[in-house]
There are 2 protein chains.
Amino acid sequence: MLSFSFSVIGITNIAARSHVTLINFVLIKGTEWVGKMTGHHCLACTPGQMSADGSWNIHYLPLKLQHPVPSDIAISRSQNPKDIEQLAHEIGILPEELDPYGRKKAKVSLNVLQRLKNVRDGKYVVVAGITPTPLGEGKSTTVLGLVQALGAKLRKNVFACVRQPSQGPTFGIKGGAAGGGYAQVIPMEEFNLHLTGDIHAITAANNLLAAAIDARMFHESTQKDDALFNRLCPANKQGIRPLSAVQKRRLVRMGLPNIEDANQLTPEQRVKFSRLNIDPNTITWNRVIDTNDRFLRGIEIGLGPSEKGHTRKTQFDIAVASEIMAILALTTSLADMRERVARIVIGSDTEGNPVTADDLGVTDALTVLMRDTVRPNLMQSLEGTPVFVHAGPFANIAHGQSSILADRVALKLVGEDGYVITEAGFGADIGMEKFFDIKCRYSGLKPSAAVIVATVRALKMHGGGPPVIAGAPLKHEYLDENLELVAGGCDSNLRKQIENANKFGIPVLVCVNKFATDTGKELDMVIDKSLSHGAAKAVVSSHWSYGSDGAVQLAQALVDITSGPKPDFRFLYPLDLSLKEKIATIAREIYGADGIELSDEAQDKIERYTRQGFGKLPICMAKTHLSLSHDPTKKGAPTGFTLPIRDVRASVGAGFIYPLVGEMTTMPGLSTRPCFFDITIDPETEQIDGLF
Amino acid sequence: MLSFSFSVIGITNIAARSHVTLINFVLIKGTEWVGKMTGHHCLACTPGQMSADGSWNIHYLPLKLQHPVPSDIAISRSQNPKDIEQLAHEIGILPEELDPYGRKKAKVSLNVLQRLKNVRDGKYVVVAGITPTPLGEGKSTTVLGLVQALGAKLRKNVFACVRQPSQGPTFGIKGGAAGGGYAQVIPMEEFNLHLTGDIHAITAANNLLAAAIDARMFHESTQKDDALFNRLCPANKQGIRPLSAVQKRRLVRMGLPNIEDANQLTPEQRVKFSRLNIDPNTITWNRVIDTNDRFLRGIEIGLGPSEKGHTRKTQFDIAVASEIMAILALTTSLADMRERVARIVIGSDTEGNPVTADDLGVTDALTVLMRDTVRPNLMQSLEGTPVFVHAGPFANIAHGQSSILADRVALKLVGEDGYVITEAGFGADIGMEKFFDIKCRYSGLKPSAAVIVATVRALKMHGGGPPVIAGAPLKHEYLDENLELVAGGCDSNLRKQIENANKFGIPVLVCVNKFATDTGKELDMVIDKSLSHGAAKAVVSSHWSYGSDGAVQLAQALVDITSGPKPDFRFLYPLDLSLKEKIATIAREIYGADGIELSDEAQDKIERYTRQGFGKLPICMAKTHLSLSHDPTKKGAPTGFTLPIRDVRASVGAGFIYPLVGEMTTMPGLSTRPCFFDITIDPETEQIDGLF
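Notes on the structure in this doc start here. Here the structure is a predicted model, which means the values were calculated and not measured. (Residues numbered from 1 in each chain as written. Chains lettered and ligands numbered in written order. Predicted model: local features only at pLDDT ≥ 70, side-chain atom pairs only at ≥ 80, totals over all residues. Heavy atoms only, no water.)

1. Quick look at the overall build of chain A
Short version of the rule: Helical segments are the DSSP runs of H or I of at least four residues, strand segments are the runs of E of at least two, and each set is numbered from the N terminus. Based on C-alpha atoms, the radius of gyration is set beside the globule rule, defined as 2.2 Å times the residue count to the power 0.38. Buried residues are those whose accessible area, probed at 1.4 Å on protein chains only, stays under 20% of the maximum for their type, while exposed residues exceed 50% and partly exposed ones sit between those limits. Every accessible area reported is derived by Shrake-Rupley at a probe size of 1.4 Å, with residue values counting cover from the shown protein chains alone.
Per the secondary structure count, chain A includes 22 helices and 27 strands. On C-alpha atoms alone, chain A measures out to a radius of gyration of 27 Å, which is about the 26 Å that the 2.2 N^0.38 rule sets for 692 residues. Dimensions of chain A along its principal axes, counting C-alpha atoms only, are 85 × 75 × 50 Å. Going through the 692 residues of chain A one by one, you find that 64% of them count as buried. Counting only carbon and sulfur atoms, one obtains 50% of the accessible surface of chain A, whose full area is about 23500 Å².

2. Section: the pairing of strand β17 (residues 386-389) of chain A
Where a strand is regular, its side chains alternate between the two sheet faces. All names here are of chain A. Put simply, the rule is: At least two DSSP bridges between two strands are needed for those strands to be called paired.
Burial along β17 is two-sided: P386 and F388 facing one way and V387 and V389 facing the other are all buried. Pairing analysis gives 3 bridges linking strand β7 (residues 158-162) to β17, with the strands arranged parallel. The partner of C161 across the bridge, within β17, is F388. Counted between consecutive antiparallel strands, the loop separating strand β16 (residues 377-381) from β17 contains 4 residues, among which G384 sits at a positive phi close to 85°.

3. Some points on the packing of aromatic side chains
In plain terms, the rule: For this analysis, a ring pair means two rings from Phe, Tyr or Trp (six-membered ring only for Trp) whose centres lie within 6.5 Å, classed as stacked if their planes differ by under 30 degrees, edge-to-face if by over 60, and tilted for the remaining angles. Both a distance and an angle decide whether a charge sits over a ring: NZ of Lys or CZ of Arg must be within 6 Å of the ring centre and within 35 degrees of the ring normal.
Under the definition given, this model contains 22 aromatic pairs over all chains. The residue whose ring lies beneath R441(A) is F571(A), and the NZ or CZ to ring-centre distance is 4.2 Å. Over the ring of Y442(B) we find R340(B), and its NZ or CZ is 4.6 Å from the ring centre.

4. A closer look at a nonpolar patch on the surface
Put simply, the rule is: Residues with no salt bridge and a relative accessible area higher than 30% make up the patches, which join like charges within 9 Å and nonpolar side chains (Val, Leu, Ile, Met, Phe, Trp, Tyr) within 5 Å. Salt bridges are identified by distance alone: a Lys or Arg side-chain nitrogen within 4 Å of an Asp or Glu carboxyl oxygen.
Nonpolar side chains collect at one region of the surface, where L135(A), L474(A) and L479(A) lie side by side and expose about 220 Å² of accessible area between them. For L474(A), a relative accessible area of 32% puts it in the partly exposed group.

5. Examining empty space enclosed by the protein
Let me state the cut-off plainly: Using only the protein atoms, space was sampled on a 1 Å grid; points where a 1.4 Å probe fits but cannot get out form cavities, open sets with protein on both sides within 12 Å along at least five of seven lines form pockets, and lining residues are those with an atom within 4 Å of a point. Grid points are joined across faces, edges and corners, and a volume is the space filled by probe spheres set on the points.
Under the criterion given, the structure shown has 16 cavities of 30 Å³ or more. Of the pockets and cavities examined, the largest cavity occupies roughly 340 Å³. Every residue lining the largest cavity is counted, 31 residues in all, and those nearest its centre are L195(A), T196(A), G197(A), T196(B) and G197(B). Looking at the lining of the largest cavity, the elements that each hand over two or more residues are α6 (188-192) and α7 (198-222) of chain A together with α7 (198-222) and α14 (363-370) of chain B. If you go around the second largest cavity, you meet 20 residues; those closest to its centre are H200(A), T203(A), H200(B), T203(B) and A204(B).

6. Quick word on the pattern of salt bridges
Within this structure, the stated rule accounts for 90 salt bridges over all chains. Here D647(A) makes a salt bridge to R649(A), at a shortest N to O gap of 3.6 Å. Judged by relative accessible area, R649(A) falls into the partly exposed class, the value being 28%. Where D647(B) meets K605(B), a salt bridge forms, and the shortest distance between an N and an O atom there is 3.0 Å. Placement of D647(B) in strand β24 (residues 647-651) and of K605(B) in helix α23 (residues 600-611) is noted, with a sequence separation of 42 residues between them. The two residues D647(B) and K605(B) agree in class, both being buried. Via salt bridges that share partners, E85(A), R103(A), K105(A), E190(A), D99(B), R371(B), D372(B) and R375(B) belong to a single interconnected network.

7. So, the environment of P466(B)
Residue and element names in this part refer to chain B. The line we're drawing: Every residue pair with non-hydrogen atoms within 4.5 Å of one another is taken to be in contact.
Inspection of the secondary structure assignment puts P466 in the loop between α17 (456-462) and α18 (483-503). The spatial distance from the C-alpha of P466 to the C-alpha of A215 is 53 Å, given a sequence separation of 251 residues. With sequence-adjacent residues up to four places away left out, P466 is seen in contact with K475, E477 and Y478.

8. Points about the pairing of strand β19 (residues 449-454) of chain B
Residue and element names in this part refer to chain B. The buried count for β19 comes to 6 of 6 residues, which makes it a mostly enclosed element. Neither face of β19 is left uncovered, since the one carrying A449, V451 and V453 and the one carrying A450, I452 and A454 both have all their residues buried. One ladder, built from 5 bridges, connects strand β6 (residues 123-129) with β19; its direction is parallel. Across the sheet, the residue bridging to V127 is V451, located in β19. Judged from the 5 bridges that link them, β19 and strand β20 (residues 508-513) form a sheet pairing that is parallel. By the bridge assignment for β20, A450 is matched with V508.

9. What to know about the packing of helix α17 (residues 483-503) of chain A against helix α18 (residues 520-532) of chain A
All names here are of chain A. Defined as follows: Lines fitted to the C-alpha atoms define the axes, with helices restricted to the stretch that makes contact. Angles between their N-to-C directions range from 0 to 180 degrees. Roughly parallel here means an angle under 35 degrees, roughly antiparallel means over 145, roughly perpendicular means 65 to 115, and every remaining angle is called oblique. When the near helix sits turned anticlockwise from the far one by under a right angle, the crossing is termed left-handed; a clockwise turn instead gives a right-handed crossing. Here the nonpolar group is Ala, Val, Leu, Ile, Met, Phe, Trp, Tyr, Cys and Pro; Asp, Glu, Lys and Arg are the charged ones; every other residue, Gly included, is treated as polar.
Put simply, α17 and α18 touch, their axes get as near as 10 Å, and they point 30° apart. With respect to α18, the axis of α17 lies roughly parallel. Our pair here, α17 against α18, has a crossing hand that is right-handed. For the pair α17 and α18, the contacting residues are L483, V486, A487, C490, D491, L494 and I498 in the first and K521, E522, M525, V526, K529 and S530 in the second. When the residues that make up the contact of α17 with α18 are grouped by side-chain class, the tally is 8 nonpolar, 1 polar and 4 charged.

10. Let's talk about the packing of helix α12 (residues 334-343) of chain A against helix α13 (residues 363-370) of chain A
All names here are of chain A. Interaxial distance between α12 and α13 falls to 9 Å at its minimum, and their mutual angle equals 135°. In terms of orientation, α12 lies oblique with respect to α13. For the crossing formed where α12 meets α13, the hand is right-handed. Residues L334, M337, R338, V341 and A342 of α12 lie in contact with α13, whose contacting residues are T363, D364, L366, T367 and M370. Residues belonging to the contact of α12 with α13 are distributed by class as follows: 6 nonpolar, 2 polar and 2 charged.

11. Some details on the environment of E416(A)
All names here are of chain A. In this structure, E416 sits in the loop between α14 (404-414) and β18 (419-423). When its relative accessible area of 42% is taken as the criterion, E416 is described as partly exposed. Among residues more than four places away in sequence, those in contact with E416 are R120, D121, G122 and K123.

12. Concerning helix α22 (residues 579-591) of chain B
All names here are of chain B. Keep this limit in mind: Given a helix with a known number of residues, its expected span is that number minus one, times 1.5 Å.
Over its 13 residues, α22 runs 17 Å from end to end, which matches the ideal 18 Å to within 8%, given 1.5 Å per residue. Restricting attention to buried positions, one finds in α22 the residues L579, K582, I583, A584, T585, I586, A587, I590 and Y591. Residues of α22 that are buried make contact with α16 (431-443), α18, β22 (595-598), α23, β23 (642-645) and β25 (656-660). Downstream of α22 by a residue or two, G592 has a phi angle that is positive, lying close to 85°.

13. Some thoughts on α12(A)
What α12(A) keeps buried is the set L334(A), D336(A), M337(A), R340(A), V341(A) and A342(A). Tucked inside the fold, the buried residues of α12(A) contact α11 (323-330), β15 (354-356), α13 and α15 (431-443) of chain A together with β26 (680-681) of chain B.

14. A closer look at the side chain of N396(B)
With respect to the element layout, N396(B) can be found in the loop between β17 (386-389) and α15 (404-414). If near-sequence neighbours (up to four positions away) are discounted, N396(B) is found in contact with F426(B), K434(B), C620(B), M621(B), A622(B) and M664(B).

None of this, on its own, says anything about what the molecule does.
Below is the structure:
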């Protein structure tokens, strides 16, 4: 037996910028050097304990700015990210609340919410944009630039909460959603590939439900009543037919007796219990895959001989289009997630009643697959500030926001004087409206401000400039000064988006995301017009080129407009309006339409969903993001149009009704030369190139 | 600026069994308590340094044996696994070689191989089984029992290397491959769900290739020669058409000039380069999904309007049936993986030439998706010994073995006097033969011994007992003593499997996996007959009931038979035999067939693969595991039969040809009442029940 007496004889290495340190302990036993121990520790505070004024003691990563600005991947690789355990420690996450996934990303336990329940939430800010060109106007980049400046320059506690990108487009079209230039989430390849597996878990859960639907229909159609019941409720050695928890819930929902032994059911009750009688024509639950696979947009299944001719036409969607992704984004706890999963409606039975995931018996199995996903994923910005990357639902058929849970945990971690910056997908007419009316409604969180990102390029387009087409060279209007076009864009689209935000009672900060071709007069005009159209502040920002240095004014403006009392946040519509009235309200108030026109199918669906009891759900519009109207060619702020509603669908588990305005592709494709032709990996260094 | 002076004033907690300790340091600055720091450290050794005799200083987890033996999940949950970083430290893995995924599993860097390149490999042992009943005879459980006894009782350095199970069956049929009783991998739910995402990465890579195939065929068929070339080799602003690395490789393979600018190609060369001309009828690359979804066994794709009528019939397989899984299992480095991925043959062109993943341009993209998978996943046994869980290819259409890389890393970590125990799927006629002829051939590793697991139950079946059917009660022959049936099984199937192992020059240890109904006379008979049929040793083991205590004799027997000089390991066949001769050799020597009979299709394929240059690959038989013959009803050791070869397929990337003997299902289904009905999760405690 060895004794445990030892001494620490020295610290061999201390890497410190603030008073948070990385330490190598050297241990001796007697006089003999026996080992060392590495850790990081703040010598001035205990884990989770902040400085007296509540501010974090955080080590910011200095930028080595270069011009011209290198490629995103080159910038990402030039920075050495902190060990994720160090970052977690710096922002007051306890070791037992952190599950590292490798060294640069980690999942954070929801126990933080309980531990910090008495801490007041920080300020909650959404970044949205004017109606973009097909090239995008830099919302994600602005989120990152803003948090880098709030943190590294203004020394605020600040969190960015962003979406996890789909892996499909990563190998199809160049791009990524990690920001860009000197405002990014790092390491970029970890951000874009697999992350901690949340999307893979969603795929698994989604497809288990899909497999259960078709298998159940098959077994119901190939088995007589007795055989079906005997298999669903097998007798044990004592002759008892014990019901599982999910089976008992179905009994109760059907108005059948809540019993332990299925033998007690009458023959009629057995049939009613055993047969879901799913009407195959009503099934809205598709399979998903996180790959751009256009040949799965329309498929026929069940062609194998073992399925005995029970074929069905269906489709695959990209994984992030799964309702389960929307559930992850909107859920408030694992218990809430389980309830939402149970409520998922996959279609109707032959009598028109909704059939749910709970009827199919898969609720808990899906929740088991999703167990780890509820914990937000911690990463860091290029300057070492914390970022949650959590959930990434589609911005058209879903609400396009990162998770409520990440925002909640972040709001507690930053504390009352801190900031949580999140992003609303697409233009403000879609993303911001859904952020307020869906996400904030389910979370109960009240935002403090909205940042609306504009570019001179997009404003010129709205002012009447020629079409901007991805891949084609920009026309001269976009490269030369043109104050008339800028004015036109400010007075139409930008004005409308600012007014829209103000309808929710929220102050607007306009961020002009600066490009090299912008002239001083153009930029000044956007600032002036923003203010005259109702923005609380408007500033030019150049975070893409300069990181936090370029966004200091933006950050300061945000601090200024959020320093007063909380704004009087209000929803656009109450839930007890009819579905049709809710849709019409959004169309009139936000899009500027005269009204809506429902197709017969849309009218039928509205009636069905209302009859099925889903009329109180909020609305999630599936509309193009390239115009305030339904017509992507109409720029500026169109008026005098009627919004056509082609169809209406329900995501009952996620908790919204989504009207379809035009066709929505839920499965991207691969072009003739996808970007995977340029992706390379060095097997020795594991260095990846060509991803961006 | 704060100073860094501090003292360690105490150790608040030490959890120690050996001299490896978990320590909480308490830190003070001046006189003030400022924090604490938790770590684990061995006070007698530095990280990665073993004791003078090379043995690990490992903390074994004591068992609290109960009888009757509780459920697998109850046993798993009753044990508190070590933090994976502690285990890694105990077995000499450096902190920088470890990527934790949560607290109980981690990936281990392949840098271990380089660091320990001068350490001699440990002893390498494969666990196989006699032809099993449909209930399974406990191979995985024996692997775990054996390592627990070698470690916790005999104090050997020992690693178990096992397969990662598919998630599909986890939600379909009760069961799991984590062992059972008091011989398991823990935590069982982490083992069975997602793990570190390797199978999800395989799915992503497999399906990106599948999407690329159909998209390429579509673009080739809808574009004229010029348009296709222009898109595949777009001109930049200078008019140059730069070729990517993967495009240059295709040029070289086609015998075209190795150029930088595609403008240099003649019109004919442009067409030849641009058109893969894949013959859709030859495509063998299926999509995969890790869900039991029988309705995807036969599908038609391309039915969406955007695919313009380019439909095709195909199928989904379960993810672990992907050739990429077999590649992961057989690869020896990331560089080797990239080469194998490049070589994947997805079908032929209209002239009969093989079309590869490299031709499609996806080699590096797939390798990027697979980057993290090459690192083995570290977990632990119920008694705290290390386990690698890495790769899990099908045992019929693939070779059914965990990874070469896990074995290699483990063999270095255990050192010359240590043991690495791995498992061969299915019966020894399939699993062990493939282990020797495929896995050991690619790894270059030489096994020291084979353990063949037998049960009295399975021996009675082979001796003429009535059929054993899953779900049905066992007949009395299996519950009462019946020496005649036992003798029959020993003299037929067990004898043949022992003889087969000896053909490879490998000594056999027969492990009789003891059941409560076995009688002393029955067990004695198996021991006696094993020895007379050529086993080096034979022992009864009861690890399921007693963990390491029950497997001490088994472990000691293994030590005994491996203590002499290395056996003279040899392959069954040389690679330069023709494909037909190789197949016939396995059929005759291992299965006991008189010969083989090739269908016309099989004959055609053999000729095609030989012509295409794949005739030197080893053979991976796809045969039922329920008989030594092709007929699952023929038990014992059948003779006087001809093995019919229905078809022959190639996994060129993985590196084997697989003849199909009968139908092989590559997509399981869901029954009327899948086990997900019984799976529950408590959302507060996150406790999962019903998985096993």
